[in-house]
Amino acid sequence: MIFNHFAVAELKKKILELFSVEVHFHDGCGGQYFTVDALTDEMKVFLTEYFPERKLKVYFSESGDSFNVEEI
């Protein structure tokens, strides 16, 4: 498990404050991932800079509505 509930809440709050967009966290048998109703280029830049500080790398889906994170 990469994310605990505290880390997820922190990220969701930050995204909501900066971009006024709700991020949805999914944690199931297939792993952990996030979905976003409107994933903008500006948000992708933010996430690309946000995760390396936490020793994580973000991967965006081709459809542009979700992303997952892996440990570096």
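Residues numbered from 1 in each chain as written. Predicted model: local features only at pLDDT ≥ 70, side-chain atom pairs only at ≥ 80, totals over all residues. Heavy atoms only, no water.

Considerations on unusual backbone geometry
Most peptide bonds take the trans form, and the phi angle of most residues other than glycine is negative. Despite not being glycine, Ser 20 shows a phi value in the positive range, around 55°. Looking at where Ser 20 falls in the secondary structure, it is placed in the loop between α1 (5-19) and β1 (23-28). One non-glycine residue, Lys 55, lies in the positive phi region at around 60°. Here Lys 55 shows up in the loop between α2 (41-50) and β3 (56-60). On the accessibility criterion, Lys 55 (62% relative accessible area) is exposed. (Helix = DSSP H or I, 4+ residues; strand = E, 2+ residues; numbered from the N terminus. Buried < 20%, exposed > 50% of the residue type's maximum accessible area, 1.4 Å probe, protein only.)

Some remarks on the sheet that holds strand β2 (residues 31-36)
Strand order in the open sheet formed by four strands is β1-β2-β4-β3, with antiparallel pairing between adjacent strands. Whereas interior strands pair on both sides, the edge strands pair on one side only; in this sheet they are β1 and β3. With direction set aside, neighbouring strand axes in the sheet form an average angle of 30°. With two bridges joining them, β2 and strand β4 (residues 66-71) adopt antiparallel strand pairing. If you follow Thr 35 over to β4, its bridge partner there is Ser 66. (Pairing = 2+ DSSP bridges. Axes fitted to C-alpha atoms, helices over the stretch in contact; angles between N-to-C directions.)

Interpretation in functional terms is not warranted from these geometric data alone.
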